[in-house]
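Each chain, letter by letter, is given below.
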Amino acid sequence: MRLVAWVRGHVQGVGFRWFTRAKALEIGGLSGFALNLADGRVQVVAEGPPMGCQGLLDWLQGDDTPGRVDGVTEIWDTPRGGYDGFAIR
């Protein structure tokens, strides 16, 4: 499964990408990246088992993230591959 999520709120400059990577590694079986966007959002791309991707999305939408998440927009797709682990970009 492939999850692409755009997280809006106060999510830059608070370690959000680092914690997202740590959560993806904790869940296990996920590859992809977390990237700061110029408009203040963070884009998260995760590929792996459906339960792992859903677990990461649940965390992104929850109250345990750094900063403040005002909302998450997600798209589900088929995996494209090409990722080596889970990176911070």
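Values in this document were obtained by computation on a predicted structure and should not be read as measured data. (Residues numbered from 1 in each chain as written. Predicted model: local features only at pLDDT ≥ 70, side-chain atom pairs only at ≥ 80, totals over all residues. Heavy atoms only, no water.)

Trainee: I'd like to hear about the packing of helix H1 (residues 16-27) against helix H2 (residues 50-61), residue by residue, with values.
Mentor: Direction vectors running N to C along H1 and H2 enclose 145°, while the axes themselves pass 10 Å from each other. Like other packed secondary-structure pairs, H1 and H2 cross with a definite hand, here right-handed. Of H2, the residues touching H1 (which contributes Phe16, Phe19, Thr20, Lys23, Ala24 and Ile27) are Gly52, Gly55, Leu56, Trp59 and Leu60. In the contact of H1 with H2, the residues fall into 7 nonpolar, 3 polar and 1 charged. (Axes fitted to C-alpha atoms, helices over the stretch in contact; angles between N-to-C directions. Helix = DSSP H or I, 4+ residues; strand = E, 2+ residues; numbered from the N terminus. Left-handed = near helix turned anticlockwise from the far one by under 90°. Contact = heavy atoms within 4.5 Å. Nonpolar A, V, L, I, M, F, W, Y, C, P; charged D, E, K, R; others polar.)

Trainee: If you had to explain the UniProt feature "domain: Acylphosphatase-like" (unreviewed entry) in the chain to someone new, which residues and values would you point to?
Mentor: Mapped onto the present numbering, the UniProt feature "domain: Acylphosphatase-like" (unreviewed entry) falls on residues 2-89. Across residues 2-89, helical content stands at 27% and strand content at 39%; the span's end C-alpha atoms are separated by 18 Å. (UniProt positions renumbered as here; feature names shortened; annotations may be inferred.)

Trainee: Outline the UniProt feature "active site" (unreviewed entry) in the chain, supporting the account with residue identities and numerical values.
Mentor: The feature "active site" (unreviewed entry), as annotated in UniProt, sits at Arg17 and Asn36 in this numbering. Taken along the chain, the residues just named run across 20 residues; in space they keep tight, none of their C-alpha pairs more than 7.7 Å apart. Checked against the element boundaries, Arg17 lands in helix H1. Accessibility expressed as a relative area gives 24% for Arg17, which makes it partly exposed. Residues in contact with Arg17, not counting those within four places in the same chain, are Ala34, Leu35, Asn36, Val42, Ile88 and Arg89. Structurally, the position occupied by Asn36 is in strand E2 (residues 31-36). Asn36 sits in the partly exposed class, given a relative accessible area of 29%. Non-local contacts of Asn36, meaning those with residues more than four positions away in its chain, are made with Gln12, Arg17, Arg41, Val42 and Arg89. At 3.4 Å, the side chain of Asn36 forms a polar contact with the side chain of Arg17. (Buried < 20%, exposed > 50% of the residue type's maximum accessible area, 1.4 Å probe, protein only. Polar contact = N/O pair within 3.5 Å; in protein donor to acceptor, adjacent residues only side chain to side chain.)

Trainee: Outline the pairing of strand E3 (residues 42-47), supporting the account with residue identities and numerical values.
Mentor: Counted residue by residue, E3 has 6 buried out of 6 residues, so it is predominantly covered. Going residue by residue along E3, you find Val42, Val44 and Ala46 tucked away on one face and Gln43, Val45 and Glu47 tucked away on the opposite face as well. Bridging between strand E1 (residues 2-10) and E3 involves 6 bridges; their strand directions are antiparallel. From the neighbouring strand, Arg2 faces E3, where its bridge partner is Glu47. Direction of pairing for E2 relative to E3: antiparallel, over a ladder of 6 bridges. (Pairing = 2+ DSSP bridges.)

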